[in-house]
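# Descriptive analysis of the structure
Listed here are the chains, written in short residue letters.
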Amino acid sequence: MDWGKAKNILIVALLVTNLVLLGTYVLRETQRFGADDDDTLRRILTEYKVFIETELPKQPGPMAVLYVRPETEDGALIEEALAEQAPIPNEDREAMLRAANAVLERCGFMTENTKPLTPPETEGGETILRYRNMFGDIPIEESYILCTIRDGRVAKLSRKWYTPLELHDTRGKIIKPIEALMQLLPEKDKEEALIVRDVELVYRVNPDRPGVESFVGDTALPAWKITDSNGSVSYVDAYAQ
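Since the model is a prediction, treat every value here as computed from it, not as a measurement.

## Structural notes on the overall build of the protein
Counting its secondary structure elements, the protein contains five helices and 10 strands. The buried share of the protein, reckoned over its 241 residues, is 37%. For the protein, the share of sequence-separated contacts (at least 6 apart) that also reach a separation of at least 24 residues comes to 65%. For the protein, the accessible surface area stands at approximately 14,200 Å², while carbon and sulfur atoms represent 50% of it.

Structure (C-alpha cells):
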C-alpha cells in the first residue's frame, strides 16, 4: 500500500468533513438570526462573546496561490557575517538597524521581500530586531528573521524563510474577515470572552493542508490571521468553499 497517498486521501477526507460540518453550523446560526449580512454576523459573534476591537480590513478580490521555496540555513555563513561586525552603541536604534541590515546583506538575506518591523524590542539588556517576509503588501507567514543585539553587536541571527517564486494561474474568491471570525465559533467556549485585536490577510504555508502540486516548492495560501488580546494567533483559510 502507498501509505503516503493513503495519508493524503485521509487528510482531504477529514478536511471535507470538517468544512461540511462548519458550513452547516454557520448556516444554522445565520438562519437562526434571520439573515447573513455583516450586522447579523456581528450579532452572532457578540452572542458568543467575540468582541471586535479593531477595524476589519476590506474583502479583497480573487487571489491566487503563491509558490514559495523554503530556505535552509548556512550556519558557517551566519557566523562569518557576525564576526565581521564593528561595535555599535546600544542606545542608538538607527545604528542597531544599520548593523543588523549589514549582517543580513553579508548573508544575502536582505531582499526586496525583507522588511524590518519597528520599533525594536528591548528586554533584559538585549534588543531584538524583527523582519517580516512580504510579497508586495501581504506578509508570508510564518516566516521571519530575528536579530538579537547584545553588548554592542548582533550576537544572534535566527531565520525561517520562504522565498516567493510565482503566483498560480487561477484565482479563487476570498471570504470576508468577519466570515473568518465566524469559523472560530465551533471550537470556542461560548462563556469565555474573545477580544479580537487584529485581523490581517497573509499568505501561509499550512502544514496540515495538502497544497497545490508544484514543481517549484511549497505553496502558500491566502489566510486570515486573527490576533486576540492575549497575543494568541489563529489562522483561517481565506478561500471561499
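Structure shown, so let's carry the discussion forward.
## Here's the deal with the pattern of salt bridges
Counted under the stated rule, the structure contains 13 salt bridges. Here Glu-47 ties to Lys-190 by a salt bridge, and the two come within 3.9 Å at their closest N and O atoms. Taken as a pair, Glu-47 in helix α2 (residues 38-47) and Lys-190 in the loop between α5 (177-182) and β8 (194-204) lie far apart in primary sequence, 143 residues in all. Members of the salt-bridge network, linked through shared partners, are Arg-132, Glu-141, Glu-200 and Lys-225.

## Here's the deal with helix α3 (residues 75-83)
By the burial criterion, the buried members of α3 are Ile-78, Ala-81 and Leu-82. Projected down its long axis, α3 carries its buried residues within an arc of 100 degrees, all on one side. Of the exposed residues in α3, the ones pointing more than 90 degrees away from its buried face are Ala-76, Glu-79 and Ala-83. Tucked inside the fold, the buried residues of α3 contact α4 (93-107) and β6 (153-160). Its side-chain oxygen 3.2 Å from the backbone nitrogen of Ala-76, Asp-74 forms the N-cap of α3.

## Thoughts on the environment of Asp-151
Within the fold, Asp-151 resides in the loop between β5 (138-150) and β6. According to the relative accessible area criterion, Asp-151 is exposed, its value standing at 64%. Residues Asp-151 and Pro-89 lie 62 residues apart in sequence; the distance between their C-alpha atoms is 8.6 Å.

## Structural notes on the packing of α3 against α4
With their axes 9 Å apart at the nearest point, α3 and α4 run at an angle of 140 degrees to one another. Judged by the inter-axis angle, α3 sits oblique to α4. Both α3 and α4 take part in a crossing whose hand is right-handed. Residue-level contacts link Leu-77, Ile-78, Ala-81 and Leu-82 of α3 to Val-103, Arg-106 and Cys-107 of α4.

## Quick look at the side chain of Thr-40
Relative to the assigned elements, Thr-40 resides in helix α2. A distance of 2.7 Å separates polar atoms of two side chains, one belonging to Thr-40 and the other to Asp-37.

## Quick word on the packing of aromatic side chains
All chains considered together, the criterion is met by one aromatic pair. Note on Phe-135 and Tyr-203: the rings are 6.2 Å apart at their centroids and 80 degrees apart in plane angle, and the pair reads as edge-to-face. In this pair, Phe-135 sits in strand β4 (residues 126-135) while Tyr-203 sits in strand β8, placing the two residues 68 residues apart along the sequence. Judged by relative accessible area, which is 3%, Tyr-203 ranks as buried.

## Structural notes on the side chain of Asp-228
If you trace the backbone, Asp-228 turns up in strand β9 (residues 218-228). From its side chain, Asp-228 meets the backbone nitrogen of Asn-230 in a polar contact 2.9 Å long. Here the side chain of Asp-228 touches Ser-232 through a polar contact of 2.9 Å, landing on its backbone nitrogen. Contact partners of Asp-228, with chain neighbours within four places excluded, come to Leu-194, Ile-195, Val-196 and Arg-197.

## So, the environment of Arg-69
When you line up the elements, Arg-69 lands in strand β2 (residues 63-70). Take Arg-69: its relative accessible area is 37%, and that puts it in the partly exposed class. Residues Arg-69 and Thr-163 lie 94 residues apart in sequence; the distance between their C-alpha atoms is 5.0 Å. For Arg-69, the side chain forms a polar contact with the side chain of Glu-71, separated by 3.0 Å.

## A short note on α4
If you check α4, its first and last C-alpha atoms are 21 Å apart, about what 15 residues at 1.5 Å a residue would give, namely 21 Å. Ala-95, Met-96, Leu-97, Ala-99, Ala-100, Val-103, Leu-104 and Cys-107 are the residues of α4 that are buried. One or two steps after α4, the chain reaches Gly-108, where phi turns positive at roughly 80 degrees.

Thresholds, definitions, all that
- Residues numbered from 1 in each chain as written.
- Predicted model: local features only at pLDDT ≥ 70, side-chain atom pairs only at ≥ 80, totals over all residues.
- Heavy atoms only, no water.
- Helix = DSSP H or I, 4+ residues; strand = E, 2+ residues; numbered from the N terminus.
- Buried < 20%, exposed > 50% of the residue type's maximum accessible area, 1.4 Å probe, protein only.
- Contact = heavy atoms within 4.5 Å.
- Areas by Shrake-Rupley, 256 points an atom, 1.4 Å probe, with all protein chains shown as cover.
- Salt bridge = Lys/Arg side-chain N within 4 Å of Asp/Glu carboxyl O.
- Arc of directions from axis to C-beta.
- Polar contact = N/O pair within 3.5 Å; in protein donor to acceptor, adjacent residues only side chain to side chain.
- Axes fitted to C-alpha atoms, helices over the stretch in contact; angles between N-to-C directions.
- Parallel < 35°, antiparallel > 145°, perpendicular 65-115°, else oblique.
- Left-handed = near helix turned anticlockwise from the far one by under 90°.
- Phe/Tyr/Trp six-rings, centres within 6.5 Å; stacked < 30°, edge-to-face > 60°.
- Expected span 1.5 Å × (residues − 1).

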